[in-house]
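Descriptive analysis of the structure
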Amino acid sequence: MDHGDLAWLLTSSALVFIMTPGLAFFYGGLVKRKNVINMMMSSAIIMGVGSVMWVLIGFSLAFSGDLGGVIGDFRWAGLNFNTFTDTTLPYPNTLAFAIFQMMFAVIAPALITGAIAERMKFASLVLFMVLWSLIVYYPLAHMVWGGGYLFRIGSIDFAGGNVVHISSGVSALVLSILLGKRKNLGKAPYHPHNIPFVFLGASLLWFGWFGFNGGSALAANELAAHAFMTTNTAAASALLSWVLVEVIKNGKPTLVGASTGMVIGLVAITPGAGFVPVWAAIIIGGLVSPICYFFIDYVKSRFGYDDALDVFGCHGIGGIWGGIATGIFGKTSINPAAAWNGLAFGEATLFLRQLAAIGITIVIAVIGTLIAARITSLVTKGIKVSKKEEALGLDISEHGETAYPAFNGMD
């Protein structure tokens, strides 16, 4: 690997790492003040567990060998290779690639935590995330990026529309339904406890996403610059369209809404960042906001599920739209990794393969979540905190900490 490419990949890895603490602030600001420690700790523990799992078995299962087009093998367990001397490795610097991919494996399960906020046992959450990574994430990473089935059918996912966002969004919906609703949902007013936290988290996510998408070019080249620009353009477009929707519906723009628009614009462009024209990013970002707003504002209330922080409405639906849009606007001239042009350029094959990949991802996420949740429930004797613990708040009941203690006598 050229040293410039290596520097960009390691820099991108650091940017993606920032996203999980950013997610902790984003989610932490949205919940009640008695649950902010638990919400942020949920991301923190996954940074530890996800990183260690990735080194031990995750990278090997995702990227070494191939078993039926679904999963890899254990030949690289413990990262048991020498990136300096082994000439059989498939990447110019396999260790750097493993570092970059590790950050994706960390943030994907962390996204799910927003849906089950304020009501899941912490021990159950940790075990569920371990099982979910094994059953859902590693197989999908192999199927899309490791030469597995979805790669072979010609579907494309530049930086994780299927692997990260659809999988986590759909799993979040399933897990939130299994957990049931929060105790006072719909009976008492609900407001984010710290809106500046929300904006800070969204801004860190936007910043880190340049590594998330730009780094997926795996080189400091024109494709990385292209993905950088489509990423920023879609986020900006979605921010503006969300604010417009709010003004039309409620008469006033909100900072929470603008922050949400940023994030879903980034989600929507992720699968196509290195495949679609820059002008298409305006359309992708501009349309994702009304689509997600509809699911959050109408569909969720219509069906009554308690996706606390709208993970399905933002990441699941945003990722699905992004995958479809990649099948519409993808161009082989931008990235020859796409075997066909999109629907907007007169070819239907890519569009149909994208639909197939989305459908397969949804099935894997649903089945994998049901299995992981069932095993977790058996081991931890239920996955939901008691009504008393929920009323007290998970910061005290699960961690023995408060985010905002009284400062009298503490100075």
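Quick caveat, the model's predicted, so the values are computed rather than measured. (Residues numbered from 1 in each chain as written. Predicted model: local features only at pLDDT ≥ 70, side-chain atom pairs only at ≥ 80, totals over all residues. Heavy atoms only, no water.)

One number sums up the size of the largest pocket: a volume of about 1,100 Å³. Lining the largest pocket are 44 residues; nearest its centre among them are Tyr190, Ile296, Lys300, Ala308 and Asp310. For the lining of the largest pocket, the elements supplying multiple residues, two or more each, are helix H1 (3-30), helix H8 (222-250), helix H9 (255-269), helix H10 (278-303), helix H11 (311-329) and helix H13 (387-392). Looking at the lining of the largest pocket, its residues break down into 20 nonpolar, eleven polar and 13 charged. Space inside the second largest pocket adds up to approximately 540 Å³. Taken together, 25 residues form the lining of the second largest pocket, with Val144, Trp145, Asp157, Phe158 and Ala337 sitting closest to its centre. For the lining of the second largest pocket, the secondary-structure elements that each account for two or more residues are helix H3 (94-112) and helix H4 (122-145). When residues of the lining of the second largest pocket are assigned to their parent elements, the largest contribution, four residues, is made by H3. (1 Å grid on protein atoms, 1.4 Å probe; cavity = no way out; pocket = protein on both sides within 12 Å on 5 of 7 lines; lining within 4 Å. Points joined across faces, edges and corners; volume = space filled by probe spheres on them. Helix = DSSP H or I, 4+ residues; strand = E, 2+ residues; numbered from the N terminus. Nonpolar A, V, L, I, M, F, W, Y, C, P; charged D, E, K, R; others polar.)

Our focus in this paragraph is the pattern of salt bridges. Side chains that carry opposite charge are capable of pairing whenever their charged atoms lie near each other. Within the structure shown, the criterion is met by seven salt bridges. Measuring nitrogen to oxygen at the nearest pair gives 2.7 Å for the salt bridge that ties Arg182 to Asp306. Highlighted residues: Arg182 in the loop between helix H6 (161-179) and helix H7 (195-214) and Asp306 in the loop between H10 and H11, separated in sequence by 124 residues. With respect to class, Arg182 is no different from Asp306; both count as buried. (Salt bridge = Lys/Arg side-chain N within 4 Å of Asp/Glu carboxyl O. Buried < 20%, exposed > 50% of the residue type's maximum accessible area, 1.4 Å probe, protein only.)

Another aspect to go through is the environment of Ser237. With respect to the element layout, Ser237 can be found in helix H8. In this structure Ser237 touches Ala281, Ile282, Gly285 and Gly286, once residues within four positions along its chain are discounted. (Contact = heavy atoms within 4.5 Å.)

What follows covers the packing of aromatic side chains. The tally for this structure, following the rule as stated, stands at 24 aromatic pairs. Ring geometry for Phe26 and Tyr27: centres 6.1 Å apart, planes at 35 degrees, overall tilted. In this pair, the class of Phe26 matches that of Tyr27, namely buried. Geometrically, the ring pair formed by Trp132 and Tyr137 is tilted, given 6.4 Å between the ring centres and 35 degrees between the ring planes. One exposure class covers both Trp132 and Tyr137, and it is buried. Counting every residue linked through ring pairs, the aromatic cluster contains Trp54, Phe59, Phe63, Trp76, Phe81, Phe97, Trp132, Tyr137 and Tyr138. Sitting over the face of the ring of Phe303, Arg302 holds its NZ or CZ atom 5.8 Å from the ring centroid. Positioned above the aromatic ring of Phe345, the side-chain terminus of Lys331 is 5.0 Å from the ring centre. (Phe/Tyr/Trp six-rings, centres within 6.5 Å; stacked < 30°, edge-to-face > 60°. Lys NZ or Arg CZ within 6 Å of the ring centre and 35° of its normal.)

Under the counting rule described, the total for this entry stands at three cavities of 30 Å³ or more. The space that makes up the largest cavity amounts to roughly 70 Å³. Lining the largest cavity are Ile45, Ile46, Val49, Gly50, Met53, Ala105, Pro109, Val126, Met129, Val130 and Ser133. Sorting the residues of the lining of the largest cavity by element identifies helix H2 (36-63), H3 and H4 as the ones contributing at least two each. By residue number, the principal contributor to the lining of the largest cavity is H2, which donates five residues. Taken together, the residues of the lining of the largest cavity break down into nine nonpolar, two polar and no charged.

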